[in-house]
Amino acid sequence: MLRVLLFCFLTSSLICSSAAAQFQAQAGWGLPRQIASSTVTQGIVLDAAGGRVVVADQQGLVAHAFESLEQTVLLEQSGVRGLVGTGSGQSLALAWYSRSLSDNNAVWAWHRGRAKKLIETQNSSIAIALLNGTPVIAYAAAEGEQTVVYLERWGKPRVAVYRTTLNVGALSLGIAPNGQIGVLFAEGYRNAQDEKYDASWLTGRLEKGSAFKRQRLGAAVYAGREQRYAVAVRGSQLLPVWWFESIEDQRRAALTKSHNPRLALWNGTQPLEFAAAGDVIGQIGDALYYSVQSDLWALELTGLTASRQLIAPRGIITGATAGTGDTRFATWQNLQSDGFASQVWLSDSKQPYQPNLIDRLSVNMGWNPWYAGQSALAQLVISAMLAAGAVMLTAPLIWLISTQTKNRIKLWLAAGIGAGFVIASRVMSGTVSAPNWSFEALLTPPWWTVALGVLLGTGLVWLLRKRISATDLAPTIASSLVVLTGVFVMIFSKAGFIRF
């Protein structure tokens, strides 16, 4: 009987897997693989046409091939930070911020094998995009009491497009096919008492006599100098994407110092929230790719629908996406325990991943599919501990009742009391609303798991009825078995979905 019930439990788990199931890779993506490592984690660029990934390393800019262990040093330079890039093949262009102990900090750019210093500045916010095949770099620099936002086209003089007395960060750049340029950044201030940032949006063209127009899009959350916003391109339209929060959130944060950022894009009239705070890592066609913790998501810009594409094995710190022909590529870095080094991962759509039985079970149970064994063990421990805690609450009560009655409580009545406790606990937990609580998943186990747990517990009582009846603690043991199995099955069905 117990084997049949357990088989039914596992079968139900697999049958319940649906289109919402998430595997290591899906939506046509192949299984991610490690292709290299880097000694620092300061940016990654994907050269799809060249079949390589460029990373910032201690020795400078290093290119790693997709399909081999070959690596090439593009530029020897120490102190590379915040590497960004655009284009691929012959059009590949890179930009970064260089910290130097022997020289002033500066913004650098690289194109067609040549590197040059653009400006010496203490502001490390940079962005890069292509205009008719030529790189355009956006950066900021302090001039007196002002912060100046510059655009510099490769081989042309820099152009100041905006001046402000406030701080500028999270700089991003987008260029539409018609040549329209959009620059997005956080503008505001931060001090010991207060902080307030807005998302500022500049639009214009790099033509003589043309001025850029500024628009405030709304409140913004600026987390620090390594953060970047993004500019998506939908047809001829530029869509700014930033860490948004409401005015009420901003006012509350002024007192609590706790922000509530969400990813949002500006559709031309208002911000549209579409995800929790994450990092935009690239665009392929009409899909905008962004990471949230260990997950890579895609936002379809036409219908504004989001779907998870990949689950990284150890988190995503910085990444990039690109496409060539019908093939999509995604690469990212995950931070190692030393806080500096990282592994470089790559996935593509050449051979879509086919999930196996363990993958399907992992997904339905809420386990990390990369670590199914460890996740299952942790789930067992959590379930056993909470089930034992439930027994410690109920066993003394059953014992007290049984000792106060003239006739000993019948075995099946005691089992019924245990079943009643399991059902009552599920009813009570289902009435609790605790959004954003780490253990929220445990509040609503499926009702079929309640029935299964009670049946398993009752089955154990039936199998062991002779041994149990021969003891003075028979009612307590019978009730405890039902409570133990009932709570264990309920918790086990949802423990994998606990998120810290």
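Residues numbered from 1 in each chain as written. Predicted model: local features only at pLDDT ≥ 70, side-chain atom pairs only at ≥ 80, totals over all residues. Heavy atoms only, no water.

Chemist: Lay out the overall build of the protein in plain terms, naming residues and giving numbers.
Modeler: Helix and strand counts for the protein stand at 8 helices and 28 strands. For the protein, the spread of C-alpha atoms along the principal axes amounts to about 100 × 50 × 45 Å. Of all 500 residues assigned to the protein, the portion counted as buried reaches 51%. Of the contacts formed within the protein by residues at least 6 apart in sequence, a portion of 49% connects residues at least 24 apart. (Helix = DSSP H or I, 4+ residues; strand = E, 2+ residues; numbered from the N terminus. Buried < 20%, exposed > 50% of the residue type's maximum accessible area, 1.4 Å probe, protein only. Contact = heavy atoms within 4.5 Å.)

Chemist: Run through the packing of helix H6 (residues 447-463) against helix H8 (residues 474-495), naming residues and quoting values.
Modeler: Interhelical geometry of H6 versus H8 gives an angle of 145 degrees and a closest axis separation of 7 Å. Of the two possible hands of crossing, H6 and H8 adopt the one that is right-handed. Across the interface between the two elements, Thr449, Val450, Leu452, Gly453, Val454, Leu456, Gly457, Thr458, Leu460 and Val461 of H6 pack against Ala478, Leu481, Val482, Thr485, Gly486, Val489, Met490 and Ser493 of H8. (Axes fitted to C-alpha atoms, helices over the stretch in contact; angles between N-to-C directions. Left-handed = near helix turned anticlockwise from the far one by under 90°.)

Chemist: Requested: an account of unusual backbone geometry, with residues and values cited.
Modeler: In terms of backbone geometry, most residues other than glycine have negative phi values and most peptide bonds are trans. A positive phi angle is found at Asn132, which is not glycine, with a value near 55 degrees. Position of Asn132 relative to the elements: it lies in the loop between strand S10 (126-131) and strand S11 (134-143). Located in the positive-phi region is Lys257, a residue other than glycine, with phi close to 65 degrees.

Chemist: How would you sum up empty space enclosed by the protein? Please name residues and give values.
Modeler: On inspection of all chains with the given rule, the structure shows 1 cavity of 30 Å³ or more. Counted as a void, the largest cavity has a volume near 40 Å³. Considering the residues around the largest cavity, the lining is formed by Arg228, Tyr229, Ala230, Val241, Trp242, Trp243, Leu263, Gly278, Asp279 and Val280. If you list the elements that add at least two residues to the lining of the largest cavity, you get strand S19 (237-244) and strand S22 (279-284). The greatest single-element share of the lining of the largest cavity, amounting to 3 residues, is contributed by S19. (1 Å grid on protein atoms, 1.4 Å probe; cavity = no way out; pocket = protein on both sides within 12 Å on 5 of 7 lines; lining within 4 Å. Points joined across faces, edges and corners; volume = space filled by probe spheres on them.)

Chemist: Can you explain helix H3 (residues 357-365)? Please cite residues and give values.
Modeler: All buried positions along H3 are accounted for by Asp359, Leu361, Ser362, Val363, Asn364 and Met365. With a side-chain oxygen positioned 3.1 Å from the backbone nitrogen of Ile358, the residue opening H3 is Asn356. Within two residues after H3, Gly366 carries a phi angle of roughly 85 degrees, on the positive side. (Polar contact = N/O pair within 3.5 Å; in protein donor to acceptor, adjacent residues only side chain to side chain.)

Chemist: Quick rundown of the packing of aromatic side chains? Include the residues and the values.
Modeler: The tally for this structure, following the rule as stated, stands at 11 aromatic pairs. Ring geometry for Trp96 and Trp108: centres 6.4 Å apart, planes at 10 degrees, overall stacked. Here Trp108 lies in strand S8 (residues 106-111) and Trp96 lies in strand S7 (residues 93-98), a separation of 12 residues in the sequence. Across this residue pair, the class does not change: Trp96 and Trp108 are buried. Considering the side-chain rings of Tyr162 and Phe185, the 5.6 Å spacing of their centres and the 45 degrees angle between planes classify their relative orientation as tilted. Remark: Phe185 occurs in strand S15 (residues 181-190) and Tyr162 occurs in strand S13 (residues 159-164); sequence separation between them is 23 residues. Tyr162 gets classed as buried once you look at its relative accessible area, which sits at 16%. Above the face of the Trp154 ring, Lys116 is positioned so that its terminal group lies 4.5 Å from the ring centre. (Phe/Tyr/Trp six-rings, centres within 6.5 Å; stacked < 30°, edge-to-face > 60°. Lys NZ or Arg CZ within 6 Å of the ring centre and 35° of its normal.)

Chemist: I'd like a description of the side chain of Gln250, backed by residues and values.
Modeler: Here Gln250 shows up in helix H2 (residues 247-256). The residues touching Gln250, leaving out its near neighbours within four places in the chain, are Lys196, Tyr197, Asp198, Ala219, Ala220 and Glu245.

Chemist: Give me the pattern of salt bridges: which residues, what numbers.
Modeler: Across all of its chains, the model carries 15 salt bridges by this definition. For the salt bridge of Asp348 with Arg33, the shortest nitrogen-to-oxygen distance reads 3.4 Å. With Asp348 in strand S28 (residues 342-348) and Arg33 in strand S1 (residues 33-38), the pair connects residues that are 315 residues apart, well separated along the chain. Its relative accessible area of 27% is what places Arg33 among the partly exposed residues. The partner of Asp249 in a salt bridge is Arg252, with the nearest N and O atoms 2.9 Å apart. Of the two residues, Asp249 and Arg252 are both situated in helix H2; the distance of 3 residues between them amounts to about one turn of the helix. Assessed through its relative accessible area of 9%, Asp249 is described here as buried. (Salt bridge = Lys/Arg side-chain N within 4 Å of Asp/Glu carboxyl O.)

Chemist: Just give me the short version of the sheet that holds S1, but keep the residues and values in it.
Modeler: Spatially, 4 strands are ordered S1-S28-S27-S26 in an open sheet, and the strand pairing comes out antiparallel. The outermost strands of the open sheet, each flanked by one partner alone, are S1 and strand S26 (318-324). Adjacent strand axes in the sheet meet at a mean angle of 20 degrees, parallel and antiparallel pairs treated alike. Relative to S28, S1 runs antiparallel, the two sharing 5 bridges. Within the sheet, the bridge partner assigned to Gln34 lies in S28 and is Trp345. (Pairing = 2+ DSSP bridges.)

In short, the description is geometric, and any link to function would need to be established separately.
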